[in-house]
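A look at the structure
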Amino acid sequence: MDYLLKTEPSEYSFADLQRDKQTIWDGVSNPVALKHLREMKSGDRLVIYETGDHKTAVGTASVVAVDPSDPRNPAVKVKVGAAIAKPRSLAEIKANSLFGDSPLVRQGRLSVVPLKAAQYKFLAGE
């Protein structure tokens, strides 16, 4: 599976992930987003999307491991991938028909969004 993870860059940015190489993705409270975190598997591809003033998909990452032992706060370890050569803004995403039914545009506050393979490729610039 592929997922998009939203982060507020003033809290934890893609640059922070690049510096740290790996992190535990936490701070998620929405029940639907938590469900998506619990469903993640090692090797799943991720797009990191910065919210706030940026509202842009800026980098990639992947899931290293998932510890679902605490269902209220599943521990998902992610490792950095690459910066996206041409970051995709929310306006570009909304204008693309690939995202017409995506929770990314339909549920703007959802912090963990499943992606179809074609959506991942568009965001990652593949």
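Look above for the structure.
My aim in this report is to walk through the structure given alongside it, one point at a time.

1. A few points about unusual backbone geometry
Comment: phi is negative for the bulk of residues other than glycine, and the bulk of peptide bonds are trans. The phi dihedral of Lys21 is positive, around 75 degrees, even though this residue is not glycine. Structurally, Lys21 is set in the loop between α1 (14–20) and β2 (22–25).

2. Concerning the pairing of strand β1 (residues 2–7)
The element β1 is largely enclosed, with a buried count of 6 among its 6 residues. Across the two faces of β1 the burial is the same, with Asp2, Leu4 and Lys6 and Tyr3, Leu5 and Thr7 all buried. For β1 and strand β6 (residues 112–115), the ladder comprises 4 bridges, and the chain directions are antiparallel. In the strand pairing of β6, Tyr3 is matched with Pro114.

3. Details of the pattern of salt bridges
Within this structure, the stated rule accounts for 8 salt bridges. As a salt-bridge pair, Arg19 and Asp16 come within 3.1 Å of each other at their nearest N and O atoms. With Arg19 and Asp16 both in helix α1 and 3 residues apart, the pair spans about one turn of that helix. We classify Arg19 as exposed; its relative accessible area is 57%. With its nearest N and O atoms 2.9 Å apart, the salt bridge here joins Arg19 to Asp20. Look at the salt bridges and you will find they share partners, linking Asp2, Arg45 and Glu126 into a network.

4. Comments concerning the nonpolar core
Within the largest apolar cluster, 36 residues are counted, with the highest numbers of intra-cluster contacts made by Leu5, Leu37, Met40 and Leu123. Excluding its chain neighbours within four sequence positions, the residues that come into contact with Leu37 are Leu5, Trp25, Val28, Val66, Pro74, Val76 and Val112.

5. So, helix α5 (residues 117–124)
For α5, the set of buried residues is Gln119, Tyr120, Phe122, Leu123 and Ala124. In this fold, the buried residues of α5 make contact with β1, β3 (45–50), β4 (56–67), β5 (75–89), α3 (90–95) and β6.

6. Some thoughts on helix α2 (residues 31–39)
Buried within α2 we find Ala33, Leu34, His36 and Leu37. Taken end-on, α2 shows its buried residues confined to a sector of 160 degrees, consistent with a single buried face. Residues of α2 that are buried make contact with β1, β2, β4, β5 and β6. A distance of 2.8 Å separates the backbone nitrogen of Val32 from a side-chain oxygen at the start of α2, and that oxygen is part of Asn30.

Reading guide: rules and limits
Residues numbered from 1 in each chain as written. Predicted model: local features only at pLDDT ≥ 70, side-chain atom pairs only at ≥ 80, totals over all residues. Heavy atoms only, no water. Helix = DSSP H or I, 4+ residues; strand = E, 2+ residues; numbered from the N terminus. Buried < 20%, exposed > 50% of the residue type's maximum accessible area, 1.4 Å probe, protein only. Pairing = 2+ DSSP bridges. Salt bridge = Lys/Arg side-chain N within 4 Å of Asp/Glu carboxyl O. Core = buried A, V, L, I, M, F, W, Y, C linked by side-chain atoms within 4.5 Å. Contact = heavy atoms within 4.5 Å. Arc of directions from axis to C-beta. Polar contact = N/O pair within 3.5 Å; in protein donor to acceptor, adjacent residues only side chain to side chain.

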